[in-house]
Amino acid sequence: MIPRKAFLTKGTGVHKDRLASFELALRDAKIEKYNLVSVSSILPPNCKLVTREEGLSELKPGAIVHCVLARNDTNEPHRLMASAIGTAVPVNEDNYGYISEHHSFGEEEIIAGEYAEDLAATMLATTLGIEFNAEMAWHEREQVYKASGHIFDTFNICQTAEGDKNGKWTTVVAAMVFVTSKC
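Read on for an overview of the structure. Remember, predicted model here, so these are calculated numbers, not experimental data.

Quick notes on the rules
Residues numbered from 1 in each chain as written. Predicted model: local features only at pLDDT ≥ 70, side-chain atom pairs only at ≥ 80, totals over all residues. Heavy atoms only, no water. Helix = DSSP H or I, 4+ residues; strand = E, 2+ residues; numbered from the N terminus. Rg over C-alpha atoms; globule rule 2.2 N^0.38 Å. Buried < 20%, exposed > 50% of the residue type's maximum accessible area, 1.4 Å probe, protein only. Contact = heavy atoms within 4.5 Å. Lys, Arg positive; Asp, Glu negative; His and termini not counted. Charge placed at Lys NZ, Arg CZ, Asp CG, Glu CD. Axes fitted to C-alpha atoms, helices over the stretch in contact; angles between N-to-C directions. Left-handed = near helix turned anticlockwise from the far one by under 90°. Pairing = 2+ DSSP bridges.

## Describing the overall build of the protein
Each helix and strand in the protein was counted, giving 4 helices and 9 strands. Starting at the N terminus and walking to the C terminus, you meet the elements of the protein as β-α-β-β-β-α-β-β-β-α-α-β-β. Relative to the compact-globule value of 16 Å for 183 residues, the protein shows a C-alpha radius of gyration of 17 Å, a close match. Here the protein holds 183 residues, and 45% of them are scored as buried. Within the protein, contacts between residues at least 6 apart in sequence are counted, and of these 75% link residues at least 24 apart. With 18 positive and 25 negative side-chain charges, the protein shows a separation of 11 Å between the mean positions of the two kinds.

Okay, structure coming up:
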């Protein structure tokens, strides 16, 4: 079972109950209808990244769907939180790429998203033997990675939110969802 397609999605939910808040975040991300199974961080070889709409069109309610899921929640009023997915795609589509999940408090969307992207790119770079200085800033390393001729692209999706002002549970999710076959 090797996924041939994948898509990114994100969402936010707010509710007095923690589980209901998570459900609403999944609804916002349009993936509440599936039995989600969290998997680790490999982007399969030859896996085509598609739009959320295209990926969803190939799934049916109740399907067991694998994903890399980043999830965070709080009931602390105004507490900033983030969930992000970073992806690194190799130039050679016959090689695998990396997906990373990141969940944090106090980070704005750009910071959390770039952190997840950096993590995925760094994991891929180390497996490909790309030499780099780990102390360099992400944007400098990104250029080294892409100039190596081994990493085609890196990107991220991130959902941030502040905790509900009245203390209701607030949940943020970001996911890379795999489509293994037409249901």
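That shown, we press on.
## Here's the deal with the packing of helix α3 (residues 109–128) against helix α4 (residues 138–147)
Two elements in contact, α3 and α4, have axes whose closest approach is 11 Å; the angle formed by their N-to-C orientations is 35°. Like other packed secondary-structure pairs, α3 and α4 cross with a definite hand, here left-handed. Mapping the contact onto sequence places E114, E117, D118, A121, T122 and A125 in α3 and W138, H139, R141, E142 and Y145 in α4.

## Things to note about the sheet that holds strand β3 (residues 42–43)
Strand order in the open sheet formed by 4 strands is β3-β7-β6-β8, and the pairing between neighbours is antiparallel. Sheet topology places β3 and β8 (151–162) at the edges, where each strand pairs with a single neighbour. Pairing of β3 with strand β7 (residues 97–105) involves 2 bridges; the strand directions are antiparallel. Opposite I42, over in β7, you have Y98 as the bridge partner.

## Regarding the sheet that holds strand β2 (residues 35–38)
Strand order in the open sheet formed by 5 strands is β2-β5-β9-β1-β4, and the pairing between neighbours is mixed. On the outer flanks of this sheet lie β2 and β4 (48–49), each paired with one strand and no other. Relative to strand β9 (residues 169–179), strand β5 (residues 64–74) runs antiparallel, the two sharing 8 bridges. Of the residues in β9, the one forming a bridge with N72 is V172. Where helix α1 (residues 18–29) meets the sheet, its contacts fall on β1 (5–15), β2, β5 and β9, and the angle it forms with β1 comes to roughly 140°.

Interpretation in functional terms is not warranted from these geometric data alone.
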